[in-house]
Amino acid sequence: MKKIVHLLSSGGYSGAENIAINIIKNTPNQFDSAYLSINGPIEAVLVENNVQYFPLKRNSLKSIYDGIKVSKANIIYAHDFKASIKACLISFGKPVVSHIHQNPDWFSKMNVKTILFLFSTIFMKKIVYVSQETRDEYVFSKLIRKKSVVLKNYVDSEKVLNDSFKKIDGNDEQYDICFLGRLEQVKNPKMFLEVVNILKKRKKDIKALVIGTGSLVSELETYVIDKDLSGNVTFVGYQKNPYNYLSKSKILLITSIWEGFGLNAIEANILNIPVLATPVGGLKSIVTKENGFFCENTEEFVEKTLLLLNSKKLYERMKNNMKNDKTIYTDATRWRTGIKMIVEGL
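Here is what the cut-offs are and how they apply
- Residues numbered from 1 in each chain as written.
- Predicted model: local features only at pLDDT ≥ 70, side-chain atom pairs only at ≥ 80, totals over all residues.
- Heavy atoms only, no water.
- Pairing = 2+ DSSP bridges.
- Helix = DSSP H or I, 4+ residues; strand = E, 2+ residues; numbered from the N terminus.
- Axes fitted to C-alpha atoms, helices over the stretch in contact; angles between N-to-C directions.
- Contact = heavy atoms within 4.5 Å.
- Core = buried A, V, L, I, M, F, W, Y, C linked by side-chain atoms within 4.5 Å.
- Buried < 20%, exposed > 50% of the residue type's maximum accessible area, 1.4 Å probe, protein only.
- Expected span 1.5 Å × (residues − 1).
- Arc of directions from axis to C-beta.
- Polar contact = N/O pair within 3.5 Å; in protein donor to acceptor, adjacent residues only side chain to side chain.
- Patch = residues over 30% accessible without salt bridge, like charges linked within 9 Å, V, L, I, M, F, W, Y side chains within 5 Å.
- Areas by Shrake-Rupley, 256 points an atom, 1.4 Å probe, with all protein chains shown as cover.
- Salt bridge = Lys/Arg side-chain N within 4 Å of Asp/Glu carboxyl O.
- Phe/Tyr/Trp six-rings, centres within 6.5 Å; stacked < 30°, edge-to-face > 60°.
- Lys NZ or Arg CZ within 6 Å of the ring centre and 35° of its normal.
- 1 Å grid on protein atoms, 1.4 Å probe; cavity = no way out; pocket = protein on both sides within 12 Å on 5 of 7 lines; lining within 4 Å.
- Points joined across faces, edges and corners; volume = space filled by probe spheres on them.
- Nonpolar A, V, L, I, M, F, W, Y, C, P; charged D, E, K, R; others polar.

Visitor: What am I meant to see in the sheet that holds strand E3 (residues 53-56) here?
Guide: In a beta sheet, neighbouring strands pair by backbone hydrogen bonds and run either parallel or antiparallel. The strand order across the open sheet built from seven strands is E3-E2-E1-E4-E5-E6-E7, with neighbouring strands paired in parallel fashion. The open sheet has two edge strands with one neighbour each: E3 and strand E7 (148-150). Going from strand to strand, the sheet's axes swing by 20° on average, the running direction of each strand aside. Sheet analysis places strand E1 (residues 2-7) next to strand E4 (residues 75-79), joined by four bridges and oriented parallel. Considered in E4, the bridge of His-6 is made with Tyr-77. Sheet contacts for helix H3 (residues 61-71): E1, strand E2 (31-38), E3 and E4; angle to E3, the most-contacted strand, approximately 160°. Of the strands in this sheet, E1, E2, E4, strand E5 (96-100), strand E6 (126-129) and E7 are in contact with helix H15 (residues 332-343), which crosses E6 at around 160°.

Right under this line is the structure:
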């Protein structure tokens, strides 16, 4: 039996880690799968999902090489750029799959990073992208087209719905708008708070929720204090089950500077929550006039938020649209077939 080890650079739990676990759980039975990353909060999630885990003390090449050796893996399935390049450096003939979840702004330009990734693709069997937009935006996409495949992410709608009904002690508040994601510059949470600050001048009792953690926590909390928004903004940090919180929000705002896919938009759709988002990456295929609006700047986020909050007819129409939408992103058969096509022949 061939063994696949999924290599990730982070020890945390976010979109890419969620997808890696979903791939492992849906890989054909003729393969044995494991997870390899630096030690961190991800361990508890892997234990809960019964996924074999090989924790690393460091993200060094030697540590990764030793981890792969201990795992006895025949195939390295690397997630995102750093892990993919490192995998190629220590693969020594083992097949490497690179799964790209992101499309940062440098991705579409000729530079040291894109050239290094292009060189690394020589040693890759397949490059998997989470959206057509992500694949097309890579500056050298045409040169590696034969190795490239698009596998749109999968969201377990049943789990999202079930988790949304699980009561969390102390979580009885209702919110107008919500931010769900890592508190990092790429997700642009500062813009979300700027939207709240403007909204308060037109709707004093606006209630905003921030789900997630990251390096910008202190800066964002300081902004809330400085702008006298403490009564309007609630930070709940990282949540193992964010869906109960999300379900208590009327609108999800996605303010990302770039976004490979946009899992939180699908999760909001499952919960019949309209989405306001920047028109970047995979979001351009997810957000439509049926389930939300695109917003180019802070002012548009404010105007569209007020439009949905003040127009019950429009808001209910969007919710009903999502109830009737059978999205491909929740199709488990499509997901398993895509994974099978990727791993077979490696």
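Visitor: How should the nonpolar core be read in this particular structure?
Guide: The tendency in soluble globular proteins is for nonpolar side chains to be buried as a group. Leu-252 and Val-275 are the most contacted members of the largest nonpolar core, which has 46 residues in total. Excluding anything up to four places from it in sequence, Leu-252 contacts Cys-178, Phe-179, Leu-180, Leu-246, Asn-264, Ala-265, Ala-268, Ile-273, Pro-274, Val-275 and Leu-276. Judged by nonpolar contacts, the second largest core, of 31 residues, contains Leu-193, Val-196, Ile-206 and Val-224.

Visitor: I would appreciate a short explanation of the sheet that holds strand E11 (residues 249-254) in the present structure.
Guide: On the basis of which strands lie adjacent, the open sheet formed by six strands has the order E10-E9-E8-E11-E12-E13 and parallel pairing. For this open sheet the edge positions go to strand E10 (233-237) and strand E13 (292-294), each flanked by a neighbour on one side alone. Strand-to-strand, the axes of this sheet are offset by a mean angle of 20°, without reference to chain direction. Sheet topology note: the strand E8 (residues 175-180)/strand E9 (residues 208-211) ladder contains four bridges and is parallel. Bridged to Cys-178 within E9 is Leu-209.

Visitor: For this particular structure, what's the right way to read helix H13 (residues 298-310)?
Guide: One turn of an α-helix holds 3.6 residues; hence residues three or four places apart share an orientation. With 13 residues, H13 should reach 18 Å at 1.5 Å per residue; the first-to-last C-alpha distance of 18 Å fits that figure. Listed as buried for H13 are Thr-298, Phe-301, Val-302, Thr-305, Leu-306 and Leu-308. Burial along H13 is one-sided: seen end-on, the buried residues are contained in an arc of 165°. Summarising the geometry of H13, the exposed residues directed more than 90 degrees from the buried face are Glu-299 and Asn-310. The inward-facing, buried residues of H13 abut E8, helix H8 (189-202), E11, strand E12 (275-277), E13 and helix H14 (312-324). For H13, the side-chain oxygen to backbone nitrogen distance between the N-cap and Glu-299 is 3.3 Å, and the N-cap itself is Asn-297.

Visitor: Teacher, can you tell me more about a nonpolar patch on the surface here?
Guide: A cluster of nonpolar side chains, Leu-116, Phe-119, Ile-122 and Phe-123, forms an exposed patch at the surface whose accessible area comes to about 410 Å². In this structure, Phe-123 sits in the loop between helix H5 (112-120) and E6. Residue class for Phe-123 comes out partly exposed when judged on its relative accessible area of 43%.

Visitor: Mind showing me how you'd approach the packing of aromatic side chains here?
Guide: Any pair of aromatic rings gets described here by the distance separating the centres and the angle formed by the planes. Considering all chains together, one arrives at 13 aromatic pairs under this definition. Summarising the aromatic geometry, the rings of Tyr-65 and Phe-92 are spaced 5.8 Å apart at their centres and angled 80° between planes, so their arrangement reads as edge-to-face. One end of the pair, Tyr-65, is in helix H3; the other, Phe-92, is in the loop between helix H4 (81-90) and E5, and 27 residues separate them in sequence. Here Tyr-65 falls in the partly exposed class, since its relative accessible area comes to 33%. Plain terms: the ring middles of Tyr-154 and Trp-335 are 5.8 Å apart, the flat faces sit at 20° to each other, and that makes the pair stacked. Here the residue Tyr-154 occupies a position in the loop between E7 and helix H7 (157-164), and Trp-335 occupies one in helix H15, the gap between them amounting to 181 residues. Among the residues examined, Tyr-154 registers a relative accessible area of 9% and is labelled buried. Through a chain of ring-to-ring contacts, the aromatic side chains of Phe-81, Trp-106, Phe-107, Phe-117, Tyr-138 and Phe-140 assemble into a single cluster. Above the face of the Phe-293 ring, Lys-304 is positioned so that its terminal group lies 4.6 Å from the ring centre.

Visitor: Is there a simple way to think about empty space enclosed by the protein in this case?
Guide: If a probe the size of a water molecule is rolled over the atoms, the empty space left behind becomes visible. One pass over the structure, following the stated rule, counts one cavity of 30 Å³ or more. Of the pockets and cavities examined, the largest cavity occupies roughly 30 Å³. If you trace the largest cavity, you find it lined by Leu-7, Leu-8, Ser-9, Asn-59, Ile-64, Ala-83 and Lys-86. A breakdown of the residues in the lining of the largest cavity according to their chemical character gives four nonpolar, two polar and one charged.

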